[in-house]
Amino acid sequence: MKNKVFLNGTIYNAKDAKVSLFDRGYLFSDGIYELIPYFNSKPFLLEDHYKRLQESLKMIGLENPYTKKEWFKNINDFTNNSEYKNYYLYIQVTRGAPKDISDGVLREHAATKNYITAVSMFYSEIDNLQEKNIIGKKSITMEDKRWKKCNIKSISLLFNSYAKTLAYKEGAYEAILIRDDVITEGCSSNVFIVKNNIIKTAPKSNLILPGVTRSFVIEKIIKENGNKLLIENFSKNELLESDEVFITNSTQGILPITIIDNMKINEGICGEITKELYKTFIKYTG
Ligand code: PDD
């Protein structure tokens, strides 16, 4: 089942699945996505990911094409035969192609027609977090030039992929984004800092994606470890002067950042609080 895809209710060999050139996802990035990690063949925080999928659909005014029961059945049927144990499931929902193009209008910015919503899914292998070495990564910082609806998990990732490619060219894993001297998030992660044993992360708003991992770390892991947490904005100076920095997302869990803009954080090694949070985190992904 390695290269299978789900497209509108049917499972295909990847090379046989076809979507229309006139799909609004293709023409306008008019769609949303979700990414669910599976560890040891089990979905992690599935309900939370589903909830965010629903919210993203709502925010772009796209009717959910399936009931929750149908979603979970489709997801289960599709992932049941996965030969990977640790992987992510990528789900994309686009407004789709017009039902009728006999009027000759193939592309128009405003979504004025009836469209056939397109739902696709595929999966890809990831590391098992239990076996992964928790090694600090490098990041750069960049001005956050995205639109101000970053809470929608939009497939329009031009800025994110552009910024992350710049990071890659500088040998960095992530680009941490700054808007009006406030750290918002990474291109594909949420950002946490630790200073004098207090953990800080930006509050939920339209300027960040409400990461499922971020919420889990806040509500479960930090509480369990008994760390102090402040959910408030912090500046680039605070980032660079912090004792520890880590980022969170579905595929990496918790990832220490030990070099930012070529400056070392905690002498370039993963800090103790981050290490302990990681240890607690992986108890849940077993
Ligand atoms: N991205 N912020 C942004 C901009 C993201 O793209 C992501 C995740 C996150 C973290 O969200 P979560 O904890 O729910 O994964 C924050 C995924 C991994 C991606 O696009 O591949």
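So, how was this worked out
Residues numbered from 1 in each chain as written. Predicted model: local features only at pLDDT ≥ 70, side-chain atom pairs only at ≥ 80, totals over all residues. Heavy atoms only, no water. Axes fitted to C-alpha atoms, helices over the stretch in contact; angles between N-to-C directions. Helix = DSSP H or I, 4+ residues; strand = E, 2+ residues; numbered from the N terminus. Parallel < 35°, antiparallel > 145°, perpendicular 65-115°, else oblique. Left-handed = near helix turned anticlockwise from the far one by under 90°. Contact = heavy atoms within 4.5 Å. Nonpolar A, V, L, I, M, F, W, Y, C, P; charged D, E, K, R; others polar. 1 Å grid on protein atoms, 1.4 Å probe; cavity = no way out; pocket = protein on both sides within 12 Å on 5 of 7 lines; lining within 4 Å. Points joined across faces, edges and corners; volume = space filled by probe spheres on them. Domains from an automatic or database assignment. pLDDT = per-residue confidence, 0-100. Buried < 20%, exposed > 50% of the residue type's maximum accessible area, 1.4 Å probe, protein only. Salt bridge = Lys/Arg side-chain N within 4 Å of Asp/Glu carboxyl O. Near = heavy atom within 4 Å. Polar contact = N/O pair within 3.5 Å; in protein donor to acceptor, adjacent residues only side chain to side chain. Areas by Shrake-Rupley, 256 points an atom, 1.4 Å probe, with all protein chains shown as cover. Phe/Tyr/Trp six-rings, centres within 6.5 Å; stacked < 30°, edge-to-face > 60°. Lys NZ or Arg CZ within 6 Å of the ring centre and 35° of its normal. Buried area = accessible area lost by both parts, 1.4 Å probe.

For the packing of helix H2 (residues 46-59) against helix H3 (residues 68-79), give the residues involved together with the corresponding values.
Each pair of packed helices gets described by two things: the angle between the helix axes and the distance between those axes. It is the contact of H2 with H3, at a shortest axis distance of 12 Å, that shows an interaxial angle of 125 degrees. By the angle between their axes, H2 is oblique relative to H3. Here the hand of the crossing between H2 and H3 comes out right-handed. In contact with Leu46, Glu47, Tyr50 and Leu53 of H2, H3 contributes Lys68, Trp71, Phe72 and Ile75. Tallied by class, the residues present in the contact of H2 with H3 amount to six nonpolar, no polar and two charged.

Explain empty space enclosed by the protein residue by residue, including any values.
The full count for this structure, using the stated rule, is two cavities of 30 Å³ or more. As a volume, the largest cavity reaches approximately 50 Å³. In terms of lining, the largest cavity is formed by Phe22, Arg24, Leu27, Phe28, Pro98, Val105, Leu106, Arg107, Glu108, Lys113 and Tyr115. With three residues, the single largest contributor to the lining of the largest cavity is helix H1 (residues 24-28). A volume near 40 Å³ is recorded for the second largest cavity. Around the second largest cavity sit Pro37, Phe39, Phe44, Leu45, His49, Leu129, Val212, Thr213, Ser250, Gly253 and Phe281, which together line it. Residue assignment for the lining of the second largest cavity shows that the elements contributing at least two residues are strand E3 (31-39) and helix H5 (212-225). Counted by class, the lining of the second largest cavity contains seven nonpolar, four polar and no charged residues. A domain-level breakdown of the lining of the second largest cavity finds at least three residues from each of domain 1 (4-125) and domain 2 (131-285).

How would you sum up the confidence of the model for the protein chain? Please name residues and give values.
Here the protein chain averages 97 in pLDDT, and 99% of its residues register 70 or above. Ranking the elements of the protein chain by mean pLDDT puts strand E2 (residues 10-13) last, at 96, and strand E10 (residues 190-195) first, at 99.

Describe the environment of Phe246, naming the residues involved and giving the relevant values.
Tracing the backbone through its elements, the reader meets Phe246 in strand E13 (residues 244-249). Given the relative accessible area of 0%, Phe246 is considered buried. Note: C-alpha distance between Phe246 and Ile193 (53 residues apart in sequence) is 6.4 Å. The residues contacting Phe246, other than those within four sequence positions of it, are Asn190, Val191, Phe192, Val194, Ile199, Val217, Ile254, Leu255, Pro256, Ile257, Thr274 and Leu277.

If you had to explain the layout of surface pockets to someone new, which residues and values would you point to?
Of the voids in this model, the largest pocket is the one considered here, and its volume is about 870 Å³. Contributing elements (two or more residues each) for the lining of the largest pocket: E3, strand E5 (87-98), helix H4 (158-169), strand E9 (182-186), H5 and E13. Of the residues forming the lining of the largest pocket, the biggest block, five residues, is contributed by H4. When the residues that make up the lining of the largest pocket are grouped by side-chain class, the tally is 14 nonpolar, 15 polar and six charged.

Break down the pattern of salt bridges for me, citing the residues and quoting the values.
Pairing between side chains of opposite charge can happen when the charged atoms of each approach one another. Here the structure, examined in full by the defined rule, presents 18 salt bridges. With a closest N to O distance of 2.8 Å, Glu47 and Lys68 form a salt bridge. Highlighted residues: Glu47 in helix H2 and Lys68 in helix H3, separated in sequence by 21 residues. When the shortest N-O distance is used, the salt bridge between Asp243 and Lys195 registers 3.8 Å. Of the two residues, Asp243 sits in the loop between helix H6 (236-240) and E13 while Lys195 sits in strand E10, which places them 48 residues apart along the sequence. The partly exposed category is assigned to Lys195, whose relative accessible area is 36%. Members of the salt-bridge network, linked through shared partners, are Asp144, Arg146, Arg179 and Glu185.

Residues and numbers for the site of the ligand, please.
Taken together, 18 residues form the shell around the ligand, and within it Tyr33, Arg52, Glu185, Thr213 and Ser250 come nearest. In the environment of the ligand, an oxygen atom lies 2.8 Å from a nitrogen or oxygen atom belonging to the side chain of Arg52. When the ligand sits alone it has 480 Å² of accessible area, and the protein chains cover 89% of it.

Describe the packing of aromatic side chains, and please don't skip the residues or the numbers.
Summed over all chains, the structure comprises 17 aromatic pairs. Ring centres of Tyr66 and Trp71 lie 5.2 Å apart, and the angle between their planes is 80 degrees; on these two criteria the pair is classed as edge-to-face. Taken together, the ring pairs in this structure connect Phe6, Tyr38, Phe78, Tyr84, Tyr87 and Tyr123 into an aromatic cluster. Directly above the aromatic system of Tyr173 lies the positively charged group of Lys164, at a separation of 4.5 Å from the ring centroid.

Lay out the domain arrangement of the protein chain with the relevant residues and their values.
Segmentation of the protein chain into domains returns domain 1 (4-125) and domain 2 (131-285). Of note, the centres of domain 1 and domain 2, computed from C-alpha atoms alone, are 27 Å apart. Contact with domain 1, which involves 23 residues of that partner, is made by 17 residues of domain 2. Of all residues in domain 1, the largest losses of buried area upon contact with domain 2 belong to Tyr33, Phe44 and Arg52, amounting jointly to 37% of the total for that side. On inspection of domain 1 and its partner domain 2, the count reaches zero salt bridges. Counting across the interface, domain 1 meets domain 2 through four residue pairs in polar contact (both at pLDDT 80 or more). For the side of domain 1 that touches domain 2, the secondary structure elements donating two or more residues are E3, H2 and E5. By residue number, the principal contributor to the side of domain 1 that touches domain 2 is E3, which donates seven residues.

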